[in-house]
Amino acid sequence: MRQNPARRAALLDAAIEVLARDGSRGLTFRAVDGAAKVPNGTASNYFANRDDLLTQVGGRVYERLRPDESTVADVSKGPRDRSKVAALMRDLVERISAFPTGFLALLELRLESTRRPALREVLTRQIREDLDGNIDFHLKSGLPGDATGVVLLYLGLNWLILDRLSLPDVIPEAEIPALVDELVERVLGPGLAES
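A few points on the structure. (Residues numbered from 1 in each chain as written. Predicted model: local features only at pLDDT ≥ 70, side-chain atom pairs only at ≥ 80, totals over all residues. Heavy atoms only, no water.)

Observations concerning the overall build of the chain
Thinking step 1. Of the regular secondary structure elements, the chain holds 10 helices and zero strands.
Thinking step 2. Across the chain, helices and strands are ordered from the amino to the carboxyl terminus as α-α-α-α-α-α-α-α-α-α.
Thinking step 3. Relative to its 195 residues, the chain shows a buried fraction of 38%.
Thinking step 4. For the chain, restricting intrachain contacts to residue pairs at least 6 apart in sequence, the fraction spanning at least 24 positions comes to 69%.
Thinking step 5. Charge centroids of the chain, computed over 26 positive and 29 negative side chains, lie 7 Å from each other. (Helix = DSSP H or I, 4+ residues; strand = E, 2+ residues; numbered from the N terminus. Buried < 20%, exposed > 50% of the residue type's maximum accessible area, 1.4 Å probe, protein only. Contact = heavy atoms within 4.5 Å. Lys, Arg positive; Asp, Glu negative; His and termini not counted. Charge placed at Lys NZ, Arg CZ, Asp CG, Glu CD.)

Topic: the nonpolar core
Thinking step 1. With 44 residues, the main nonpolar core has Leu 27, Val 32, Leu 53, Val 57, Met 89 and Leu 109 as its most contacted residues.
Thinking step 2. Counting residues per element, this core draws most heavily on helix 1 (residues 5-22), which supplies seven residues.
Thinking step 3. In this structure Leu 53 touches Leu 12, Ala 15, Leu 27, Phe 29, Val 32 and Phe 47, once residues within four positions along its chain are discounted. (Core = buried A, V, L, I, M, F, W, Y, C linked by side-chain atoms within 4.5 Å.)

Let's talk about unusual backbone geometry
Thinking step 1. Unlike most non-glycine residues, Lys 37 shows phi in positive territory, near 60 degrees.
Thinking step 2. Looking at the element boundaries, Lys 37 is found in the loop between helix 2 (29-36) and helix 3 (42-46).
Thinking step 3. Lys 37 sits in the exposed class, given a relative accessible area of 74%.

Comments concerning the packing of helix 7 (residues 100-113) against helix 8 (residues 117-141)
Two quantities define a packed helix pair, namely the angle between the helix axes and the distance between the axes.
Thinking step 1. Where helix 7 meets helix 8, the closest approach of the two axes is 8 Å, and the angle between their N-to-C directions is 130 degrees. Between helix 7 and helix 8, the angle is such that the two are oblique. Handedness of the crossing formed by helix 7 with helix 8: left-handed. Here Leu 106, Leu 109, Arg 110, Glu 112 and Ser 113 of helix 7 come into contact with helix 8, specifically with Pro 117, Leu 119, Arg 120, Leu 123 and Ile 127.
Thinking step 2. Of the residues in the contact of helix 7 with helix 8, the class split is six nonpolar, one polar and three charged. (Axes fitted to C-alpha atoms, helices over the stretch in contact; angles between N-to-C directions. Parallel < 35°, antiparallel > 145°, perpendicular 65-115°, else oblique. Left-handed = near helix turned anticlockwise from the far one by under 90°. Nonpolar A, V, L, I, M, F, W, Y, C, P; charged D, E, K, R; others polar.)

Concerning the packing of helix 1 against helix 7
Thinking step 1. Two elements in contact, helix 1 and helix 7, have axes whose closest approach is 8 Å; the angle formed by their N-to-C orientations is 70 degrees. Between helix 1 and helix 7, the crossing angle belongs to the class labelled roughly perpendicular. Contacts between helix 1 and helix 7 involve Ile 16, Glu 17, Leu 19 and Ala 20 from the former and Thr 101, Gly 102, Leu 104, Ala 105, Glu 108 and Leu 109 from the latter.
Thinking step 2. Counted by class, the contact of helix 1 with helix 7 contains six nonpolar, two polar and two charged residues.

Topic: helix 9 (residues 147-166)
Thinking step 1. With 20 residues, helix 9 should reach 28 Å at 1.5 Å per residue; the first-to-last C-alpha distance of 29 Å fits that figure.
Thinking step 2. Those residues of helix 9 that fall on the buried side of the exposure criterion are Gly 149, Val 150, Leu 153, Leu 157, Leu 160, Ile 161, Leu 162, Asp 163 and Arg 164.
Thinking step 3. In the core, the buried residues of helix 9 are packed alongside helix 6 (82-97), helix 7, helix 8 and helix 10 (176-188).
Thinking step 4. The opening residue of helix 9 is Asp 146, an N-cap whose side-chain oxygen sits 3.3 Å from the backbone nitrogen of Thr 148. (Expected span 1.5 Å × (residues − 1). Polar contact = N/O pair within 3.5 Å; in protein donor to acceptor, adjacent residues only side chain to side chain.)

Observations concerning the pattern of salt bridges
Thinking step 1. Under the definition given, this model contains 18 salt bridges.
Thinking step 2. Between Lys 140 and Asp 136 there is a salt bridge, with the nearest N and O atoms lying 3.3 Å from each other. Remark: Asp 136 and Lys 140 occur in helix 8; sequence separation between them is four residues, near one turn of the helix. (Salt bridge = Lys/Arg side-chain N within 4 Å of Asp/Glu carboxyl O.)

And the structure:
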C-alpha cells in the first residue's frame, strides 16, 4: 500500500464526492481515480479493497467536519448560556451544510453498513466516540444542559440537516436559524440554570 498522505487524502476526498453523487454502488476504484484526476489503478494502490476504502472514507468525512480551533476556543469566552449553545448549534448546522457531499456520503455509508457488518462496526464506534466526545466537551465546558440534552440536540439537528441537504424545500432556509434556537431552548428548558 502506498503511503503518500496527501495523495491518500485526495483519493478519499474524491471518494466522498463519488459516494454523494453516485451512491455506494457507484463507488469503484475507477470512479475514484476519475474524480481525483489520477491514472487508473492509483486508488487500488492505496486501499486494500472496497471495504477498506469505505471505512477510510468515513474517517475522512469526520476529519473534515471537525470544528476549527477558534470555534472551540470561543466556548470559553463570555457567558456559558443557552444563547451560546444555540450559536454553537447554528455553527454546526452551517459547517455541515457547507460540506454537503460529506454529509450525503456519510448517509450512503450508513446505508451500506446495513449490509457490511465490518463497516457497521467501524461507523458505530466512530459515531459513538464522536457523540461521547461532544457530550464530554459540553459537560466540561460548563454549558447548560446534560448528556441527554446533547443527545437530543444531535438527533434533532441531524434530521434538520438531512432535510436541508436532501429536500431543501421542506423547511425554508430563512427559518432554520430560528428553529435551531427553538430546539436548543426546548431541549435545555427554561428551568435549567444558566452559567
